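Single-letter residue listing:
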Amino acid sequence: RCSIISSFLCPICLDVFTDPVSTPCGHNFCKTCISQHWDLNQSCQCPMCNETFYTRPQLRVNTFISEIVAQFRRELGKTDAEIQQMIQTRRLKIQEIKESVKMTKDAGDRQIAEGIQVFTALMESLERRLKELIKEIEDKQEATEKQAEGLIKDLEQEISELMERSSEVKTLSRSEDHLHLLQSFSSLKAAPPTKDWTEVRVRSPSYEGTVLRAVAQLEQTIRNLMEKKVFEAELKRVQQYAVDVTLDPDTAHPNLILSDDGKQVYHSDVTKNLQKNPERFSKCVCVLGEQSFSSGRFYFEVQVKAGTEWDLGVARESINRKGKITASPQNGFWTVRLRNGNEYSACASPLVPLCLHPGPEKVGVFVDYEKGLVSFYDVGAAALIYSFTGRSFTHKLHPYFSPNPNFGGKNSAPLIICPVNQT
């Protein structure tokens, strides 16, 4: 291989031939190399065999070598392009690795921050419960001490009175006034007005179970705190899949009023005269989002504050839009609803009552298409409301909204699609 490669190298510059030419003796050189060599020397000799030419020979282009070298250079160019592509691929991989490391570091930093937040809250709760425990025990001790002080004060008062009586008795016993002795004897002999202390005891406080109860309360506090932090982290995770959702006026029931920006909807008693189309809901006061999703994950939030009735979730694009509709997974609806101001339920089959007190002011809807998951969150409380799981989606899904009838103004508040705050 080395000998083959050397055949395409100029003996003077030791590089691949450029404009290869042949001398009469049959040796090959770069045209510039041999010309400069002869320009610098008095005689024209072949650098390879030293054959002397008395007149500078006519150099002929070596077409064979030229073609081979040209092909060789093309191959080199192709090889260099491949190498450059490999370099670029590896640079991109380096960038990908760096970005991956950065994402990992950012995720780690977020976890550290969340960990610090959780453990700080736990330590504050622990310190608070410890202070409460100490205060409870100290209050019991203080009550016992106050009781004892009261008893001691009463005893000392009786002792003082008894000592005074004793002094009077001794003085009377030494008296020479027999008349006075007889007059005072009956009153001094009578028992003084004292308390029977036989059964009196200091009430010792019971500390049994105090620490155990405090620990049990702390465990419940920690459990509640951890549950809250887990849902907060979960809500932050799904919020990163937020999408821009707008209402589709072509699907809206004629009694629904949509805002110009397509972000709000409420029910009106006035029925608009709209062109009939197969996409529009004809009986149920519903409207779909313009956007459809057939893969991946997506999330949006809706303000439901002040509404007394509403339905919210996602629906298959192929759902029935005419006549009476029963919202259920079997019919292509995955929704939660509010009725009568405080009756929340998930529209499964049968309905699943939801205990939400107080009810949410803003509801987050998250869908993982591939996992067949639809979850609803109380955004303000960072709490999970309900999840439909184990579904198999095969059709396009649209966000689904129903503000329900306004009932003469009692349910006039609009459903509002809100921007997602991911701070």
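As shown above, the structure is provided for reference.
All figures in this text were calculated on a predicted structure; none of them were measured in a lab.

Next up on the list: the packing of aromatic side chains. This structure, assessed with the given rule, holds 11 aromatic pairs. For the ring pair Y241 and F366, a centre distance of 6.0 Å and an interplane angle of 40 degrees mean the geometry is tilted. Taken as a pair, Y241 in the loop between helix 5 (210-239) and strand 6 (256-258) and F366 in strand 14 (residues 362-368) lie far apart in primary sequence, 125 residues in all. The exposure class of Y241 is partly exposed, given its relative accessible area of 23%. Judged by relative accessible area, F366 falls into the buried class, the value being 1%.

The next point concerns the pairing of strand 10 (residues 310-316). With six of seven residues buried, strand 10 lies mostly within the body of the structure. Inspection of the sheet shows strand 10 paired to strand 11 (residues 333-339) by six bridges, in the antiparallel sense. By the bridge assignment for strand 11, L312 is matched with V336. Here strand 10 runs beside strand 17 (residues 397-402); their pairing, made up of six bridges, is antiparallel. Bridged to A315 within strand 17 is H398.

Strand order in the open sheet formed by three strands is 2-1-5, and the pairing between neighbours is antiparallel. With partners counted over all chains shown, the strands left at the sheet margins are strand 2 (28-30) and strand 5 (60-61), one partner each. Examined bridge by bridge, strand 1 (residues 20-22) and strand 2 share three bridges and lie antiparallel to one another. Counterpart to P20 in the pairing with strand 2 is C30. Packing against the sheet, helix 2 (residues 31-40) makes contact with strand 1 and strand 2, and its axis sits at approximately 90 degrees to strand 2.

Here we take up the sheet that holds strand 10. Strand order in the open sheet formed by six strands is 8-17-10-11-12-13, with antiparallel pairing between adjacent strands. What marks the edges here is a single partner per strand, and that holds for strand 8 (287-288) and strand 13 (352-354). One ladder, built from two bridges, connects strand 8 with strand 17; its direction is antiparallel. Looking at the pairing, L288 lines up with Y400 of strand 17.

Here we take up the environment of F231. Secondary-structure assignment places F231 in helix 5. Linking F231 and D250, residues 19 residues apart in sequence, is a C-alpha distance of 37 Å. Excluding residues that lie within four positions of it along the chain, F231 makes contacts with A382, A383 and L384.

Let us now look at a nonpolar patch on the surface. Together, L155, I159 and M163 line one region of the surface with nonpolar side chains, adding up to about 280 Å² of accessible area. Mapped onto the fold, L155 is located in helix 3 (residues 63-173).

Bringing the nonpolar core into the picture now. Counting residues in each nonpolar core, the largest one holds 37 residues, and the members touching the most others are F300, W310, L312 and F401. Excluding residues within four positions of it along the chain, F401 makes contact with V245, L247, V285, C286, V287, G289, F300, V302, D311, L312, L415 and I417. Among the nonpolar cores identified, the runner-up in size contains 15 residues, and I34, W38, F53 and I65 belong to it.

With the exception of glycine, most residues fall at negative phi, and the peptide bonds are largely trans. Note that the residue after S349, namely P350, is joined by a cis bond; omega there is 0 degrees. With an omega of -5 degrees, the peptide bond running from H357 to P358 counts as cis. A positive phi angle, close to 50 degrees, is found at D19, a residue other than glycine. Its location among the elements puts D19 in the loop between helix 1 (2-6) and strand 1.

This part is about the pattern of salt bridges. Tallying each qualifying case throughout the model produces 13 salt bridges. Linking D139 and K135 is a salt bridge whose minimum nitrogen-to-oxygen distance equals 2.9 Å. Residue D139 and its partner K135 are both found in helix 3; the two are separated by four residues, about one turn of the helix. Between E234 and R237 there is a salt bridge; the shortest N-O distance is 3.0 Å. On the criterion of helical spacing, the pair formed by E234 and R237 is a turn pair, its members being three residues apart in helix 5. A relative accessible area of 34% means that R237 is categorised as partly exposed. Through salt bridges with shared partners, a single network forms among E136, K140 and R213.

Attention now goes to helix 5. A rise of 1.5 Å per residue sets the reference length of helix 5, with its 30 residues, at 44 Å; its end C-alpha atoms lie 43 Å apart and thus fit the reference within 8%. Buried residues of helix 5: T210, A214, L218, L225, K229, E232, L235, V238 and Q239, and no others.

On to the environment of Q264. Residue placement: Q264 occurs in strand 7 (residues 264-267). As for Q264 and Q303, which are separated by 39 residues in sequence, their C-alpha atoms are 9.4 Å apart. Sequence-distant contacts of Q264, defined by excluding residues within four places in its chain, comprise L247, I257, L258, S259, P414, L415 and I416.

A full pass over the atoms with the stated rule returns two cavities of 30 Å³ or more. A volume near 40 Å³ is recorded for the largest cavity. Lining the largest cavity, in full, are V304, G307, E309, W310, P403, N411, A413, P414 and L415. Taken together, the residues that form the lining of the largest cavity break down as six nonpolar, two polar and one charged. W310, V336, R337, Y344, L354, L356, P360, V363 and I385 are the residues that line the second largest cavity. Classifying every residue of the lining of the second largest cavity gives eight nonpolar, no polar and one charged.

Calculation notes
Residues numbered from 1 in each chain as written. Predicted model: local features only at pLDDT ≥ 70, side-chain atom pairs only at ≥ 80, totals over all residues. Heavy atoms only, no water. Phe/Tyr/Trp six-rings, centres within 6.5 Å; stacked < 30°, edge-to-face > 60°. Helix = DSSP H or I, 4+ residues; strand = E, 2+ residues; numbered from the N terminus. Buried < 20%, exposed > 50% of the residue type's maximum accessible area, 1.4 Å probe, protein only. Pairing = 2+ DSSP bridges. Contact = heavy atoms within 4.5 Å. Axes fitted to C-alpha atoms, helices over the stretch in contact; angles between N-to-C directions. Patch = residues over 30% accessible without salt bridge, like charges linked within 9 Å, V, L, I, M, F, W, Y side chains within 5 Å. Areas by Shrake-Rupley, 256 points an atom, 1.4 Å probe, with all protein chains shown as cover. Salt bridge = Lys/Arg side-chain N within 4 Å of Asp/Glu carboxyl O. Core = buried A, V, L, I, M, F, W, Y, C linked by side-chain atoms within 4.5 Å. Expected span 1.5 Å × (residues − 1). 1 Å grid on protein atoms, 1.4 Å probe; cavity = no way out; pocket = protein on both sides within 12 Å on 5 of 7 lines; lining within 4 Å. Points joined across faces, edges and corners; volume = space filled by probe spheres on them. Nonpolar A, V, L, I, M, F, W, Y, C, P; charged D, E, K, R; others polar.

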